[in-house]
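# Inside the fold
Take a look at the letters that make up each chain.
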Amino acid sequence: MKNYNKQIFAGMLLATISGCQNQPNDTQVTQTELSSNDIISQKLVNQALSSTLGYDIVESLTVEVGPRLAGSEKDLIAVEWAMSKLNSLGFDKVYKESVQVPAWSRGHAKASIISPFEQPLVISALGGSVATPESGIQATIIRFDTLAALQAADPALVKGKIAFIDHKTERHISGKGYGQSVGGRSRGAVAAAEKGAVAVVIRSIGTDHDRMAHTGMMRYKDGIKKIPAAALSAPDADMINLMLKRDKDITLSLNLSSKNLGVATSYNVIAEVTGSSKPDEVVLIGAHLDSWDEGTGAIDDGAGVGIVTAAAKLIQDLPQKPARTIRVVLYAAEEVGIVGAKSYAKQHADELGLHYIAAESDFGAGEIYQIDFNVNPNVFEQVKTEHSSMTINGVTLGNNKATGGPDVSMMPSLGVPVASLRQDGTDYFDYHHTPNDTLDKIDPTALAQNVAAYAQFAYIMAQSELNLRPLAKKTDKQ
Ligand SMILES: [Zn+2]
């Protein structure tokens, strides 16, 4: 990120704010034009950019806990870590709320081409997959460009085979390529089983070319046979394509020992900075505490945990607390179906009317380049003006079509306004859900820029006098 010069902040902020008012008359721009909220917002940026707290939190989580699959022993160690970390930071309140989560163990995952060109493959079982029989499954591959192509296929061609969904994920700053390809991972097993396939393998939902597969959640459907599901590394998917050019009849051997272990108890871990004059009203900033089991859960979502916790800590340490309560929610079991967030929405149903706005950081540690909102359209321009000071931290004021991040994605339908602080996700899907999701992928300077943006957003919203409700009836999905 740019190396911001703190000494020119005030000048930059004044220019920004006067620019927003379309009155570029420099002689009228004086220090007094800054509201006290702007001054504190600017101070929060200075403090965030000169602090390593966000990074220190991710380092602590990835080193002292590491992988923390929902429902596992490590998941509970992560909960204890979070309780202890949040308490040590001196928040006004720290508590946890139990959540029932699905538990699953990965076991081993092996695959190889057994004919005509014998070769081992690099794969990863998809989360929630059933095992193969102990002797594995040996069957011919049938390849599809996309999930839709599999869904449209003649069942006679698929029956008894291993369906291979070969959808490539496009690289994009917003990560939108993931949304286009991920259906093959989550719904491929059901689509393949409906056509009579004995297993499904997918090209990893990722943008890298490393010989490493990307795991992630898949789902079954009642009444449809549960077949094993795994992801291939991109180079292995490429190799299968080259084999298919030479011979249409390729036999794959697949052996998984994954197990669904029923239901386990986990926890949403929550910390609060109590509001000074409207303590019952909540500005929620969240991230998820669980991770996949193959990396150390640094970018997904240790980064988010560090960002929102450090942002709230900056506000906790202000001499004068903002009007509303800032609530940090470290959600349980996001990866296995947004389970902690759904449970939070239920447990707090009576209180959602007092949730002023919510946002989640769950897209790695790349710099934030834009903030979008989903608020009452009548106040949207005023909301943007209130956030003018975020532009000095490199954040553009965006649109009113935010969805807010996975763990708060259900909030707009429950009437709660949301914001999306959009991060540069150009390389996010190189590492996402792989053994390569480790601390070294996080740039501490970019992480601090995120902390600054979340601190500004949370503070400004905790002080705002605007009525953000009701939301527009239909929100455009992005
Ligand atoms: Zn995540």
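Residue indices follow the written sequence of each chain, beginning from 1 at its first position. Local features in this predicted model are restricted to residues of pLDDT 70 or higher, and side-chain atom pairs are both shown and tallied only at a pLDDT of 80 or more, whereas totals for entire chains, interfaces and linings draw on every residue. Water and hydrogen atoms play no part in the side-chain values, which are based on all heavy atoms of the structure.

## Concerning the coordination of the zinc ion
Coordinating donors are taken as N, O and S atoms within 2.8 Å of the metal, stretched to 3.2 Å for Na, K and Ca; because water is absent from the atoms, sites can appear incomplete. Within the protein, His288 (NE2), Asp300 (OD), Asp362 (OD) and Asp362 (OD) serve as the donor atoms for the zinc ion, at 1.9 to 2.7 Å. Just to be clear on the cut-offs, tetrahedral is four donors with all angles between 85 and 135 degrees, square planar is four donors and octahedral six with opposite donors over 155 degrees apart and all others between 65 and 115, and anything else goes down as irregular. Coordination geometry of the zinc ion: the four donor atoms subtend angles of 52 to 148° at the metal centre, consistent with an arrangement described as irregular. Read in sequence order, the donor residues for the zinc ion give the motif H-x11-D-x61-D. In this pair, His288 sits in strand E11 (residues 278-288) while Asp362 sits in the loop between strand E13 (355-360) and strand E14 (368-374), placing the two residues 74 residues apart along the sequence. Taken as a pair, His288 and Asp362 share a single burial class, namely buried. For helices the rule is a DSSP run of H or I covering at least 4 residues; for strands it is a run of E covering at least 2, with both sets numbered from the N terminus onward. Only protein chains enter the accessibility calculation, which uses a 1.4 Å probe; a residue is then buried when its area is under 20% of its type maximum, exposed when over 50%, and partly exposed in between.

## A short note on the domain arrangement of the chain
By the assigned domains, the chain splits into domain 1 (6-103 + 263-463) and domain 2 (107-257). Taking the mean C-alpha position of each, domain 1 and domain 2 sit 35 Å from one another. Throughout, a contact is declared for two residues whenever any of their heavy atoms are within 4.5 Å. In this assembly, 19 residues from domain 1 lie in contact with 19 residues from domain 2. Both sides of the domain 1 and domain 2 interface together cover about 1500 Å² of buried area, and 60% of this is carbon and sulfur. What counts as a salt bridge is simple: a side-chain nitrogen of Lys or Arg found within 4 Å of a carboxyl oxygen of Asp or Glu. Our enumeration of links across domain 1 and domain 2 arrives at one salt bridge. The closest approach of N and O atoms between Asp430 and Arg171, which form a salt bridge, is 3.0 Å. Polar contacts, as used here, are pairs of N or O atoms within 3.5 Å; protein pairs need one atom able to donate a hydrogen and one able to accept it. Residues neighboring in sequence count only if both atoms are side-chain atoms. Here domain 1 is connected to domain 2 by nine residue pairs in polar contact (both at pLDDT 80 or more). Per-element accounting of the side of domain 1 that touches domain 2 gives the leading share, three residues, to helix H13 (residues 428-431). Tallied by class, the residues present in the side of domain 1 that touches domain 2 amount to seven nonpolar, seven polar and five charged. Bear in mind that the domain bounds are from an automatic or database domain assignment. By buried area we mean how much accessible surface two parts lose on assembly, using a 1.4 Å probe and totalling the loss over both. Asp, Glu, Lys and Arg are counted as charged, while Ala, Val, Leu, Ile, Met, Phe, Trp, Tyr, Cys and Pro are counted as nonpolar; the rest, among them Gly, fall into the polar class.

## A look at helix H14 (residues 444-463)
When the terminal C-alpha atoms of H14 are compared, their 29 Å separation across 20 residues agrees well with the 28 Å that a helix rising 1.5 Å per residue should span. At the N-terminal end of H14, a side-chain oxygen is found 2.9 Å from the backbone nitrogen of Thr445, two or three residues along, and the residue is Asp443. A helix is expected to reach a length of 1.5 Å times the quantity of its residues less one.

## Some details on the pattern of salt bridges
For the coordinates displayed, the defined rule picks out 19 salt bridges. Between Asp238 and Arg203 there is a salt bridge, and its shortest N-O distance comes to 2.8 Å. Linking Asp238 in helix H9 (residues 234-246) with Arg203 in strand E7 (residues 199-203), this pair joins segments that are 35 residues apart in sequence. The structure contains a network of salt bridges with shared partners spanning Arg143, Asp145, Asp166, Arg203 and Asp238.

## Some words on the sheet that holds strand E2 (residues 109-115)
Taken in spatial order, the eight strands make up an open sheet running E3-E2-E9-E5-E6-E7-E8-E4, and their pairing is mixed. Edge positions in the sheet fall to strand E3 (119-121) and strand E4 (123-125), since each has one partner strand and no second. The mean angle between the axes of side-by-side strands here comes to 30°, regardless of whether they run parallel or antiparallel. The pairing criterion is simple: DSSP has to find at least two bridges between the two strands. The pairing of E4 with strand E8 (residues 229-232) spans three bridges and is antiparallel. When the bridges of E8 are listed, Ile123 appears paired with Leu232. All axes here are fitted lines through C-alpha atoms, helices being fitted over the stretch that makes contact, and every angle between N-to-C directions spans 0 to 180 degrees. Here helix H8 (residues 183-194) sits on the sheet in contact with strand E6 (162-165), E7 and E8, set at roughly 150° to E7.

## Looking at unusual backbone geometry
Going from Ser115 to Pro116, the amide bond is cis rather than trans, its omega being 5°. Note on placement: Pro116 falls in the loop between E2 and E3. Along the chain, Asp300 connects to Asp301 via a cis peptide bond; the corresponding omega equals 5°. Tracing the chain through its elements places Asp301 in helix H10 (residues 298-316).

## Here's the deal with the environment of Val122
By the element assignment, Val122 lies in the loop between E3 and E4. Val122 sits in the partly exposed class, given a relative accessible area of 27%. Residues Val122 and Ile77, spaced 45 residues apart in sequence, show a C-alpha to C-alpha distance of 30 Å. When near neighbours in sequence (up to four residues on either side) are disregarded, Val122 contacts Arg211, Met212, Ala213, Ala231, Leu232, Ser233 and Asp236.

## A word on the pairing of E6
Of the two faces of E6, the one lined by Ile162 and Phe164 and the one lined by Ala163 and Ile165 are each fully buried. Here strand E5 (residues 137-144) pairs with E6 via four bridges, running parallel. What sits directly across from Ile141, in E6, is Ile162. In the sheet, E6 pairs with E7 via four bridges, with the strands oriented parallel. From the neighbouring strand, Ile165 faces E7, where its bridge partner is Ile202.

## Quick look at helix H3 (residues 53-64)
With twelve residues, H3 extends 16 Å from end C-alpha to end C-alpha; this agrees with the ideal 16 Å at 1.5 Å per step. Where H3 is concerned, the buried positions are Gly54, Tyr55, Ile57, Val58, Ser60, Leu61 and Thr62. The inward-facing, buried residues of H3 contact helix H4 (73-88), H10 and H14. Directly beyond the C-terminal end of H3, a positive phi value near 75° is found at Gly66.

## Regarding the packing of H3 against H14
Relative to each other, H3 and H14 sit at 115°, their axes nearing to 8 Å. With respect to their mutual orientation, H3 and H14 come out roughly perpendicular. Residues Gly54, Tyr55 and Val58 of H3 touch H14, and the partners they reach there are Pro444, Leu447 and Val451. Classifying every residue of the contact of H3 with H14 by side-chain character gives five nonpolar, one polar and no charged. An angle below 35 degrees is read as roughly parallel, one above 145 as roughly antiparallel, one from 65 to 115 as roughly perpendicular, and any other as oblique.

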